[in-house]
Amino acid sequence: MNSYSFTVKFKATDSEGDNLNYKLTWGPSMIEQNKQDTEYILGEDGYVYMVARDLEKITEYIFRVWAYDESDDKLFGYSDYKATKTWCDGSGQICSGFVDCNLCDGTRHM
């Protein structure tokens, strides 16, 4: 069974220069954010990259990014809810129109 994913790319800065930690949550609705991950990569381009994994094809997911101040682990802020849909035809080459896709993996710019 294939497992699909999407990558979220975003920037967040703290005006005091504190380091931030991030959490990505996703699920079938804004209320059901039943999946999460805290692993992220800080890119050389200044963006943060996080991956939502174990997704089903032809399914819409709602996701949100949360930022926490590293020094005291308090909530710093969060993104708006965003939506993306995984979609694959038989060749595995097609995803929804507003996600840049490669083999049903995509990057959503926030």
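Fair warning: this is a prediction, and the values are worked out from it, not measured in the lab.

1. Examining the overall build of the protein chain
Counting its secondary structure elements, the protein chain contains zero helices and 10 strands. Listing every helix and strand of the protein chain by position from the N terminus yields β-β-β-β-β-β-β-β-β-β. Expressed as a percentage of its 110 residues, the buried residues of the protein chain come to 37%. With the model as given, the accessible surface of the protein chain reaches about 6900 Å², and the carbon-plus-sulfur share is 46%.

2. Topic: the nonpolar core
Grouped together as the largest cluster of nonpolar side chains are 16 residues, with contacts concentrated most on Phe6, Val8, Phe10, Tyr22, Leu24, Trp26 and Leu55. Elements with a minimum of two residues in this core: strand S1 (4–10), strand S2 (20–27), strand S5 (48–55) and strand S6 (59–69).

3. Quick look at the environment of lysine 23
Mapped onto the elements of the fold, lysine 23 is located in strand S2. Along the chain, lysine 23 and arginine 64 lie 41 residues apart, while their C-alpha atoms are 8.4 Å from each other. When sequence neighbours within four positions are dropped, the list of residues in contact with lysine 23 reads Gln36, Asp37, Thr38, Met50, Arg64, Val65, Trp66 and Tyr68. There is a polar contact of 3.4 Å between the side chain of lysine 23 and the side chain of tyrosine 68.

4. Quick word on unusual backbone geometry
The phi dihedral of aspartate 54 falls on the positive side, at around 60 degrees, and the residue is not glycine. Within the secondary structure, aspartate 54 is located in strand S5. Given a relative accessible area of 57%, aspartate 54 falls into the exposed group.

5. A few points about the side chain of glutamine 33
Mapped onto the elements, glutamine 33 comes out in the loop between S2 and strand S3 (35–37). Within the structure, the side chain of glutamine 33 is placed 2.9 Å from the side chain of threonine 25, a separation counted as a polar contact. Of the polar contacts made by the side chain of glutamine 33, one reaches the backbone oxygen of isoleucine 62; its length is 2.9 Å. Beyond its immediate sequence surroundings of up to four residues, glutamine 33 is in contact with Thr25, Trp26, Gly27, Ile62, Phe63, Arg64 and Tyr81.

6. Things to note about the environment of isoleucine 58
The topology assignment puts isoleucine 58 in the loop between S5 and S6. Owing to a relative accessible area of 40%, isoleucine 58 belongs among the partly exposed residues under this scheme. It is 6.5 Å that separates the C-alpha atoms of isoleucine 58 and lysine 85, two residues lying 27 residues apart in sequence.

7. With respect to the confidence of the model for the protein chain
Averaged over every residue, the pLDDT of the protein chain is 78; residues scoring 70 or more account for 75%. The weakest mean pLDDT in the protein chain belongs to strand S10 (residues 105–109) at 41; the strongest belongs to strand S4 (residues 41–42) at 94. Contacts of residues 89–110 to residues separated by more than four positions or lying in other chains number 53 contacts, the stretch itself having pLDDT below 50.

Parameters at a glance
- Positions within a chain are numbered from 1, following the residues in the order the chain's sequence is written.
- Totals for whole chains, interfaces and linings use every residue, but because this is a predicted model, local features are given only for residues with pLDDT of at least 70 and side-chain atom pairs only at 80 or more, for both listing and counting.
- Only heavy atoms go into the side-chain values, all of them from the structure, while hydrogens and water stay out.
- Working definition: helices are DSSP H or I runs of at least four residues, strands are E runs of at least two. Numbering for both runs from the N terminus.
- Accessible area is worked out with a 1.4 Å probe on protein chains only. A residue is then buried under 20% of its type maximum, exposed over 50%, and partly exposed in between.
- Here the open area of atoms and residues is found with the Shrake-Rupley method and a 1.4 Å probe, where only the protein chains shown may cover a residue.
- What makes a nonpolar core is a set of buried Ala, Val, Leu, Ile, Met, Phe, Trp, Tyr and Cys residues whose side-chain atoms join them at distances within 4.5 Å.
- Residue contacts are defined here by distance: any two heavy atoms, one from each residue, within 4.5 Å place the two residues in contact.
- Counting of polar contacts relies on pairs of N or O atoms within 3.5 Å, with two restrictions inside protein: one atom must be capable of donating a hydrogen and the other of accepting it, and residues adjacent in sequence are counted only when both atoms are side-chain atoms.
- A residue's pLDDT is the confidence the predictor assigns to it, expressed on a 0 to 100 scale.

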